[in-house]
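# Observations on chain architecture
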Amino acid sequence: MAPGSATTLALEVEALTVAFVGRRGQVPIVTGTDLTLARREILGVVGESGSGKSLTSLAIMRLLDTSSVRIVEGSVRLFGRDLLTLSEREMRSVRGRDIGMIFQDPMTSLDPAFTVGYQILSVLRRHTDLGRSAARQRALELLALVGIGDPRRRIDSYPHQLSGGMRQRVMIAMAIACEPKILIADEPTTALDATTQAQILELIRQLADELHMSTIITTHDLGVVAEVCDRVAVMYAGQIVEQASTQQLFYHPKHPYTERLLLGLPRIGVAGQMVGIPGQPPRAGSFPPGCRFAPRCPYALVPRCVESLPPLRDVGESRSARCVRSDELSLTGIGA
Amino acid sequence: MIADGFGVTAAPSPVAGTPADDSWQVGTWRSFARHRAALVALVVLVLVVLTSLLAPLLELPAPNLVNLLVPLRGPSWGHLLGTDQLGRDELARILAATRISLWAALLATVTGVIIGVPLGLLTGFRGGRIMDSVVSRTFDCLQSIPALILAIAIVAALGRQLTYAMVAVGIAFSPTFYRVSRAAAATVAGESYIEASRSMGQRTAKIVTTHVLGNVSAPLIALTSTTFAFGILAEAALSYLGLGVQPPQASLGTMLSTAADLLNSSPQLTIEPGLMIMLLVLCISVIADALGDVTSGHGSPR
């Protein structure tokens, strides 16, 4: 990276490899992931379950269960500061203060034994010098900020007294309590119903804008991406296969996997069936030597695609794809 | 308390708009109060405990005051429960003995909690394979020694004193506390609110003392109260065997053992301390049962 560009980037993930470490050695799960997150950008990381998107976000936070999963290579730089070289103590003050995180299931990510207020207060008191009453005041402001009506009453509620959407709002309030520069939302809407999903996404976008946060949203839902993300990284079998702006990705995909994903979207007013992708993604430990999507790819050519792993290469202005044929193929996006 | 299962479903309703003043303290108390038997047991227990604690303020003869002129008398206005073979006031002795028994049971329970719970939380939450198996096997060994034998051994080594005997009983209780807190902590460790609080930068020590402890407290509260009842029985047994409280000090166990010789002539001297032991253990067990019911509806992981 040129020194100049480091100042415009909030987060840079370079060649990140995460592996399952067992008695019989290492099994890579996420390999050579490069991600860049510009300031105040909302980046979507899309992939199916097991593609490594959640693991990547946990790796950025260094929250992997190190008894079984470890970062074996790569760097994660937050405004130029390498997080992987920090001590655990230093990392703890990054978590919650510089990077906030929202989890998938708001039913289980709040502690049922404590009030909402107590849980927000404990974040504030961990990272700020606010006294008890000042922290409580701030917690009330945060609850109002995330759109919870009547914060004075809700602050003393237990999680089971709130609906799923409200709990996710509380989680968001906790994540942004210390005004982090980066927000990582790991499948923030997966466990919510459709109308609540849209509200939560809108809230995340609005807060990112107001608080000048740079945001990563991981999801398996292209609809989420289309709604809020500026840029998208598509993950398949532990690798990024395509990175592009949301518009470019949807209208002009450059990787066959992306194309297949788009073809799988239901569309209003278009006759014909949704097309699924035949087969299963390869499992960690049995990745093919060539392109990992080749066995399911309708465009795969026998010697070129299966012999060696294609690199992630630039295929246009600030976009890249991991496909040897991306220049010769003309893939269908939506609206084509 | 077992008959009506209301306590379990009595957790505050999750309907949106539930007033926030429906705090868990209020909710827990309400569902506890629905256990009629437990409520009665609580009232009786509080009365007994208060009377025994305040006995020195009552106008009773001193518990160790010997009056050989009135041995083995039946109940009268001067001696409400009669007198024993040395003419000591039976009521005063029973109240003094109850005080000792409660203290002894408390000592044993606290010892068990202090040894078992922190280690259980640690290995359950954090435990690497080696630490877990070393600590767990150590407690297995400890549990294989019968409580009374352990108490006899410790008293033989350190001297006949109630404190030693009850600490020994507490050590014998500790494996249960260890095992329950270890299992509960291991369950909690996998919950995503633990991961979430890590992502907020919380320290492990803070996570253990709030989130883990807060969520394992339900089974521990029930276990602690049951153990307290066992502590009373253990004290009675040890004192009966002469390993706990030493004469002339009164304890429910020593009173039983001296009265046993007079079972034919003065059965009331056996029945009275026996009834007191029964009353205490029954009340505490009933309360423990209800507490287990009530707390399991709240706090513990689903």
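Calculation criteria
Residues numbered from 1 in each chain as written. Chains lettered and ligands numbered in written order. Predicted model: local features only at pLDDT ≥ 70, side-chain atom pairs only at ≥ 80, totals over all residues. Contact = placed C-beta atoms within 7 Å. Helix = DSSP H or I, 4+ residues; strand = E, 2+ residues; numbered from the N terminus. Nonpolar A, V, L, I, M, F, W, Y, C, P; charged D, E, K, R; others polar. Axes fitted to C-alpha atoms, helices over the stretch in contact; angles between N-to-C directions. Parallel < 35°, antiparallel > 145°, perpendicular 65-115°, else oblique. Left-handed = near helix turned anticlockwise from the far one by under 90°. Pairing = 2+ DSSP bridges. Buried ≥ 20, exposed ≤ 12 C-beta atoms within 10 Å, placed from the backbone. Expected span 1.5 Å × (residues − 1).

The next point concerns the interface of chain B and chain A. When the parts come together, some accessible area is lost, and that loss is often what is quoted as the size of the interface. The interface of chain B with chain A comprises 22 residues on the first partner and 30 residues on the second. Where the side of chain B that touches chain A is concerned, the elements lending two or more residues are helix H8 (192-199) and helix H9 (204-240) of chain B. Ranked by the residues each element gives to the side of chain B that touches chain A, the list is headed by H8 of chain B, at six residues. Classifying every residue of the side of chain B that touches chain A by side-chain character gives eight nonpolar, ten polar and four charged.

On to the packing of helix H7 (residues 164-175) of chain A against helix H8 (residues 194-210) of chain A, then. Residues and elements named next belong to chain A. Packing of H7 against H8 leaves a shortest axis separation of 10 Å and a crossing angle of 15°. Compared by their axis directions, H7 and H8 come out roughly parallel. Both H7 and H8 take part in a crossing whose hand is right-handed. Contacts between H7 and H8 involve Gly164, Gly165, Gln168, Arg169 and Ile172 from the first element and Thr196, Gln199, Ile200, Leu203 and Ile204 from the second.

Here the focus is the sheet that holds strand S7 (residues 182-186) of chain A. Residue and element names in this part refer to chain A. An order of S6-S7-S8-S3-S9-S10-S12-S11 is seen for the eight strands of this open sheet, with the pairing classed as mixed. A single partner strand is all that each edge strand has here, and the edge strands are strand S6 (99-102) and strand S11 (313-314). Examined bridge by bridge, S6 and S7 share four bridges and lie parallel to one another. When the sheet's bridge partners are listed, Gly100 is paired in S7 with Leu183. Contacts from H7 reach S6 and S7, with the element oriented near 170° to S6.

Residue and element names in this part refer to chain A. As for its placement among the helices and strands, Thr246 is situated in helix H10 (residues 246-251). On the basis of neighbour count, Thr246 is assigned to the partly exposed category, with 19 C-beta atoms found within 10 Å. The spacing of Thr246 and Ala233 is 13 residues in sequence and 9.1 Å in space, taken between C-alpha atoms. Setting aside residues up to four positions removed in sequence, Thr246 forms contacts with Val225, Ala226, Cys229, Asp230, Arg231 and Val232.

Residues and elements named next belong to chain A. By secondary structure assignment, the location of Ile155 is in the loop between helix H6 (151-154) and H7. We classify Ile155 as buried; it has 21 C-beta atoms within 10 Å. Between the C-alpha atoms of Ile155 and Leu201, which are 46 residues apart in sequence, the distance is 23 Å. Excluding anything up to four places from it in sequence, Ile155 contacts Val116, Gly117, Ala139, Leu140 and Leu143.

Moving on, we come to the sheet that holds strand S1 (residues 9-22) of chain A. In sheet architecture, strand pairing relies on hydrogen bonds along the backbone and comes in two forms, parallel and antiparallel. Residue and element names in this part refer to chain A. Strand order in the open sheet formed by four strands is S2-S1-S4-S5, and the pairing between neighbours is antiparallel. Each edge of the open sheet carries a strand with a single partner, namely strand S2 (25-38) and strand S5 (81-82). In terms of strand pairing, S1 meets S2 through ten bridges, oriented antiparallel. Paired with Phe20 across the bridge in S2 is Val27.

This part covers the environment of Leu148 of chain B. Mapped onto the elements of the fold, Leu148 of chain B is located in helix H6 (residues 147-158). Sequence separation between Leu148 of chain B and Val169 of chain B is 21 residues; the distance between their C-alpha atoms is 7.3 Å.

Here we come to helix H4 (residues 116-127) of chain A. All names here are of chain A. Between its first and last C-alpha, H4 extends 18 Å over twelve residues, near the 16 Å set by a 1.5 Å rise per residue. For H4, the buried fraction is high: ten of the twelve residues fall into the buried class. Turning to H4, its buried residues are Val116, Gly117, Gln119, Ile120, Leu121, Ser122, Val123, Leu124, Arg126 and His127. Packed against the buried residues of H4 are helix H5 (132-145), H6 and H7.

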